[in-house]
Amino acid sequence: MSCTVSVSVDGFRATFPVFTQEVYPDTVVSAYLGNAQNYVSNINYGRLRDTAREYAIYLMTAHLLTLKDRIEQSGSGFIGYETSARVDNVSVSLAPPLSRNELERWFELSGYGLELRALLMTRACVPFWIKAQ
């Protein structure tokens, strides 16, 4: 077992092919891959090891890129849950998930974040979420 896991732009693209070179240049993916390691360390220790740790870093990268896109599309710098939408005579409202704290809410802003949260929770030997005060 190595002391660190190796991640790469090519590995990220192989895992998540939706993040194409045309839309997400290598320099952007590389920057977000580096930033993702501020959240999920590449040090290979604990219960999150080897391919699971690599996948967690890739999930965090995808989550951060998705949030970047949503922030840019919002035009306001804010993102959140859609609570209603209307097309012609059809209206749909969605209630936001019940989050225990802001960190959980942040993970819930993308499907990648939800998957990462599930991965981290299943790999933790005890619940590691800090309860909101």
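The sections below set out a description of the structure shown in this document. Only a predicted model underlies this, so the values are computations on that prediction, with no experimental measurement involved. (Residues numbered from 1 in each chain as written. Predicted model: local features only at pLDDT ≥ 70, side-chain atom pairs only at ≥ 80, totals over all residues. Heavy atoms only, no water.)

**Side note on the overall build of the chain**
What counts, and what does not: Secondary structure counts use DSSP, requiring at least four H or I residues in a row for a helix and at least two E residues in a row for a strand, with both numbered from the N terminus. Each residue is assigned to one of three classes by its accessible area relative to the maximum for its type, calculated with a 1.4 Å probe on protein chains only: buried under 20%, partly exposed between the two thresholds, exposed over 50%. It only takes one pair of heavy atoms within 4.5 Å for two residues to be counted as in contact.
Tallying secondary structure elements over the chain gives 5 helices and 2 strands in all. In sequence order, the chain lays out its α and β elements as α-α-α-β-β-α-α. Classification of the 133 residues of the chain by burial places 32% in the buried group. Nonlocal contacts in the chain, meaning residues at least 24 apart in sequence, comprise 62% of its contacts between residues at least 6 apart.

**So, the packing of aromatic side chains**
Note the following rule: Pairing of aromatic side chains requires ring centres within 6.5 Å, counting the rings of Phe and Tyr and the six-membered ring of Trp. Pairs whose planes differ by under 30 degrees are stacked, by over 60 edge-to-face, and all others tilted. Consider the ring centre and the ring normal. A charge sits over the ring if Lys NZ or Arg CZ is within 6 Å of that centre and within 35 degrees of that normal.
Scanning all chains against the criterion turns up 9 aromatic pairs. Centroid distance phenylalanine 19 to tyrosine 24: 5.0 Å. Interplanar angle 65°. Geometry classified as edge-to-face. What makes tyrosine 24 buried here is its relative accessible area of 10%. Site record: aromatic cluster; members linked through ring pairs are Phe12, Phe16, Phe19, Tyr24, Tyr55, Tyr58 and Tyr112. Above the ring of tyrosine 45, the side-chain terminus of arginine 53 is found at 5.0 Å from the ring centroid.

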